[in-house]
Amino acid sequence: MATGTLPFAVKRYKVPLTWLILIYIDLLDCQQFLIPYKTPSDCSVEEFFDISSLSCVRCGPNQRRSTSGLSCTCKTGYQTLTTDKASITCQQCPADKPAVTKDGFGCIRCPSSLSDDGKCQCQKDNVLMERDVNGNLLDEARCETCNGNSPASSVPNTSGNRCERCQASFINSSCSCNPPNVLAGGLCFPPGSLSTNVNPSVNFAQLKFSVQSAWFVQNLFSSSAACLVFSNLTACQALGNMCVMNMHSFSGVSTDACGLFNTIFRSRAALSSTQDISYWRVSLPWLYYGDEPGLAGRVLQTDPVPIGFSFRGRNKNTDIKLRAAVYNVRGEFLRWEPVGGGNLQLCPDTATKQTAAFSFGTAYQQSCSLSVKQLLDSYPEPLFYDVFMELDGGDNNKLLPLPTLVYNQQYNGRFINQESMKNWYLSRRMFLVDGLSGREKSLSVQPKVIRVASSVKIRFQLVPRTLEGQVYPPLLIVTYRDVPITDINAQTVSIKFAVEYEMDQNEARMKTNTALGVMGGVAVLYSLLKTVSWKRRIASPLIDVETMMKFLLFYAGDLANVFFAVTVGSGLYWLIFYKAQQFVSVMLPLPAQEEQFVTYIGCAFALKAVQFLHKLILQVSVDVFLMDWERPRSKGSRTVQATSESKRDPSPVSIWRTYFVANEWNEIQTIRKISPTFQIMAVLFFLEVLGFSNLALRDPWPTLERSPDAYTPSYSLILRYGLAATLWLCIGLLQVIFFTVFYEHFVEDKIRQFVDLCSISNISVLMLSHRCFGYYIHGRSVHGHADTNMEEMNNNLKRESESLCGQRGLLPNTDLQTFQVSLTNRLRMQYDRIREPSFRRNAPSRLMDASTANGFELQARSYNIMNHFLGSVIDHAHPDMDFIVKDKLMFERVIGMEFLEPSEKSIFYKDEAHSFSDLLFYGNEATLLIFDTLFFCVVDLGSQSFVLAAVLTYVQQMIFRLLRNALGKRNLVSKTMVDKRFLI
């Protein structure tokens, strides 16, 4: 007989023959997979813990539980009789031979007393002899002094100093395993039970080579044969472990580890299933679910787990209780172990942070790099885990097996678990580090390659439309990495452990897309109205390329508003409903599912930037003219040299009032309804100082303060965007309300002050944003003159405050000074003709003739002509270019388009809202606020830093403010014909 032994404990167990035929249960029922939670200590004296079924099984007649609790032995005074290959029976010893031999297979008389377990015992230094030199059982045992030369009774033991009965698998008449029987692992197998031509190779698919594993060479055949022939539980577990080490993979070879396991699995089909689960055969570990197409989807997404999770309230339940049955590589059951505290988490960390992984709703992720030497020292042999979810039911506690998805599993050379769910092949059992199967030739040499679970992920999926916090059975996803050993001390492996939660996002995505579609359609119509309005305001009936480009620019701005409204609404929805829910009904989108949302934000920012630049270009190209109503009071004596003669001319009107108004217009170009600096500081104060940023973490707790020792999950991009955008908009809107309601009424209103300044300065302002449309500020002084001393000016203001003079309005007895103007084409053509010489002055020198050499004189002449012309138009001095004043309809104000086209007369629309501010930053606060919000959020999403986003937003605001000031000043000089040296 060979002296080699099996890697597992050779044990025989009583397999009950009275198992009932199970009633068929639908595979889709989640309740089918629930098993009672039992430990060896839960079994009674007459039961043993079956490591295969993880349950207590009653011992046979006249049997009791062994000391380990994992098998049955005969009661005291009963000998063991072998009746078949898979069971034992116990028979009571006769009265004349009351003692049981040490091997338990015979009865004998004792030379002295019996021990508590019913066996003979001898004094110290004596050896109990129960058989003669031929192995025959004596009638009465002898106690002989140990002298080391005792002849063998049957088969020498490993020390060679005593005889032992040969293993029970041998033929009863001989301890030799003679052909055609097969000797393997210390057992004698009958011929034809299993082919000896097994395949002991382990396939490392990532490295594209196989290893003839020394462990598999020594143990694969013996384990599979002992499992098949003798139903040895530890042998079956050891065979299953070897299949797990081979990634649960099936190939065309039926003699590898998984092929042999599958052969034995099919041979057990006639027997009843373990724990009423059809995939769990008697004596075998449960390694696979079925291979029916689409089974994975039915297992994972049909019936929910029969418990509910709640974040707050009396029924608060956030504890995820996982428990694992742990086996060693030899197939021995070691213990039940609660999952947590580092057994599945290879990365070292504090217990508090590791425990956070099993708080429901907390998106947990832990990663690190560990040295190969450290892994091999910690796991000289792999440990195997069957993971279950514990359903706390008091005394009737149940366990729900966690389906496992091995990412590296192959089926006929194809990585089936890397495809769609319908092709998944769910399995059970996992390990963390395997440094054993990669050893060639000898188990004592350094492994050629090790296999490490580089990524372990537990995924929970929420039941759609649940109001009770129900989830489907969680899925354990394991990704292994094959590491070839080159320098064991220098090599490292990246490890990641994660717990993630997801829900079906199709409904939310459909609602988002529907909102975008509907609002996008409305945006198209609104952009068409803007385009039509623009065409009417430039008095152009043709649809050309410029018209199409203008429509696209309008649509870009409106579509940006659509994207912005939908994304902010979505972010705010997730922020409120996820953080404030009691029973779990929604879960955050996964990072991969947030990509479309981030794309929408990017589209909103890009389109809003186009709109912002478009408005910026329009503002710095507006036609502005300052009309001076001042007239000389008296003739002055001034000699003017012109050609060869001199003449007398009236004293000129002072230009300083015009310069002053131009400077004020230049200064108010970039004023806003908010303070950008305060806006940024306030947002940072709330986010970073008060801790509002913690609301964007991927956990359900709406707490602003976090302990530094607690685990901090990653940020959700949707929550981060929703929080930042909402906070920015709220602070901005509060500022707008404060400035418009309080500050402008009680402190300072620069827009109305500018209108008052025009009136006091006797300067009117005409601003044309389009060819035939613009704004008019009537600044004609009711006193007739503005060039006066301080005393007269104060008297004039006093008379005006006491209503002793006329009112400032354009119309008699009115105070209305601001209008929207819609000009006739004739008036605009005359305006352009007067300005044409001034434009020629600004043209390149090669386009100028000798008559335009004196540019300043030409500019002064053009200014005087334009001033006189526009003044005469306002005074109704040109019947062919006259105007009328009317009110704008409410609908016209809403859609931003005038229904009447100016044909014979221009139209001055009353404008009490001072809408000329649309030509300034002041009147475009909504656009600026949204652009700043999107800029801040885009920078933050890219950098994950609110501080950096705030700094860059401030820099961006300063750059565009300086740009707007510079270009606006240049345009003001060009259009008002005011010398730039006087604009400070």
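Refer to the structure printed above.
Read on for an overview of the structure.

## A few points about the packing of aromatic side chains
Counted by the stated rule, this structure contains 58 aromatic pairs. Summarising the aromatic geometry, the rings of F384 and F431 are spaced 5.9 Å apart at their centres and angled 65 degrees between planes, so their arrangement reads as edge-to-face. Of this pair, F384 sits in strand β21 (residues 384-391) while F431 is found in strand β24 (residues 430-431), placing the two residues 47 residues apart along the sequence. A relative accessible area of 0% means that F384 is categorised as buried. Assessed through its relative accessible area of 0%, F431 is described here as buried. Arranged with centres 4.2 Å apart and planes meeting at 25 degrees, the rings of F883 and F908 form a pair that is stacked. Remark: F908 occurs in strand β36 (residues 906-910) and F883 occurs in strand β35 (residues 883-886); sequence separation between them is 25 residues. Both residues of the pair, F883 and F908, belong to the buried class. One aromatic cluster in this structure is built from F309, F311, F360, F460, Y501, Y578 and W701. Over the ring of F921 we find R964; its NZ or CZ atom is 6.0 Å from the centre of that ring.

## Considering the pattern of salt bridges
Side-chain pairs of opposite charge can arise whenever the charged atoms involved come near each other. A full pass over the atoms with the stated rule returns 36 salt bridges. Ionic pairing is found between R58 and E46, a salt bridge with its closest N-O pair at 2.5 Å. With R58 in strand β3 (residues 55-58) and E46 in the loop between β1 (35-36) and β2 (47-50), this residue pair connects regions lying 12 residues apart in the sequence. Where D628 meets R657, a salt bridge forms, and the shortest distance between an N and an O atom there is 2.8 Å. With D628 in strand β29 (residues 623-628) and R657 in helix α10 (residues 656-667), this residue pair connects regions lying 29 residues apart in the sequence. A single network of salt bridges, built from pairs that share partners, joins D623, R828, D832, R835 and K975.

## Brief notes about helix α3 (residues 257-267)
Those residues of α3 not exposed but buried are A257, C258, G259, L260, F261, I264 and F265. In the core, the buried residues of α3 are packed alongside α1 (214-230) and α2 (233-245).

## Digging into a nonpolar patch on the surface
A contiguous nonpolar surface patch, about 630 Å² in accessible area, is contributed by V947, L948, V951, L952, Y954, V955, M958 and I959. Within the secondary structure, V951 sits in helix α19 (residues 946-976).

## Quick notes on the nonpolar core
Counting 174 residues, the largest nonpolar core has F360, L432, Y721 and F936 as the members making the most contacts within it. It is helix α12 (residues 717-746) that provides the largest number of residues to this core, a total of 11 residues. With residues up to four places along the chain from it excluded, the contact list for F936 reads V683, L687, A724, W728, F946, A949, A950 and T953. The next biggest cluster of nonpolar side chains, apart from the first, holds 27 residues, and it includes I763, L919, Y922 and L983.

## Here's the deal with the sheet that holds strand β33 (residues 773-777)
Pairing is mixed in the open sheet, where six strands are placed in the order β29-β32-β33-β34-β36-β35. The open sheet has two edge strands with one neighbour each: β29 and β35. Strand-to-strand twist of the sheet, defined as the mean angle between neighbouring strand axes without regard to direction, takes the value 25 degrees. Examined bridge by bridge, strand β32 (residues 763-768) and β33 share three bridges and lie antiparallel to one another. Looking at the pairing, V765 lines up with I777 of β33. Relative to the sheet, α10 contacts β29 and β32, its axis offset from that of β29 by approximately 145 degrees.

Reading the values: rules and limits
Every chain begins its residue count from 1, and numbering advances along the sequence as written. Local features are withheld for residues below a pLDDT of 70 in this predicted model, meaning they are given only at 70 or higher, and side-chain atom pairs are given and counted only at 80 or more; totals for whole chains, interfaces and linings count all residues. In computing side-chain properties, one takes all heavy atoms of the structure into account and sets aside hydrogens as well as water. Pairs were defined over the aromatic rings of Phe, Tyr and Trp, the Trp ring being its six-membered one, requiring ring centres within 6.5 Å. Orientation was assigned from the angle between planes: stacked under 30 degrees, edge-to-face over 60, tilted for the rest. In DSSP terms, a helix is any run of H or I states spanning at least four residues, a strand is any run of E spanning at least two, and both are numbered starting from the N terminus. For each residue, the accessible area found with a 1.4 Å probe, counting protein chains only, is set against the maximum for its type, and the residue is called buried under 20%, exposed over 50%, and partly exposed in between. The rule is short: NZ of Lys or CZ of Arg within 6 Å of the ring centre and within 35 degrees of the ring normal puts a charge over the ring. Each salt bridge in this description consists of a side-chain nitrogen of Lys or Arg and a carboxyl oxygen of Asp or Glu lying within 4 Å of one another. Residues count as neighbours in contact if any of their non-hydrogen atoms are within 4.5 Å of one another. Only residues above 30% relative accessible area that lack a salt bridge enter a patch, with like-charged residues linked at up to 9 Å and the nonpolar side chains Val, Leu, Ile, Met, Phe, Trp and Tyr linked at up to 5 Å. Reported accessibility uses the Shrake-Rupley method at a 1.4 Å probe radius. Residues are deemed covered only where the shown protein chains occlude them. We define a nonpolar core as any set of buried Ala, Val, Leu, Ile, Met, Phe, Trp, Tyr and Cys residues linked to one another through side-chain atoms lying within 4.5 Å. Being paired, for any two strands, means DSSP has found at least two bridges between them. In this analysis, axes come from line fits to C-alpha atoms, helices being fitted only over the stretch in contact, and the angle between any two N-to-C directions falls in the range 0 to 180 degrees.

Any functional reading would require information that these geometric values do not contain.
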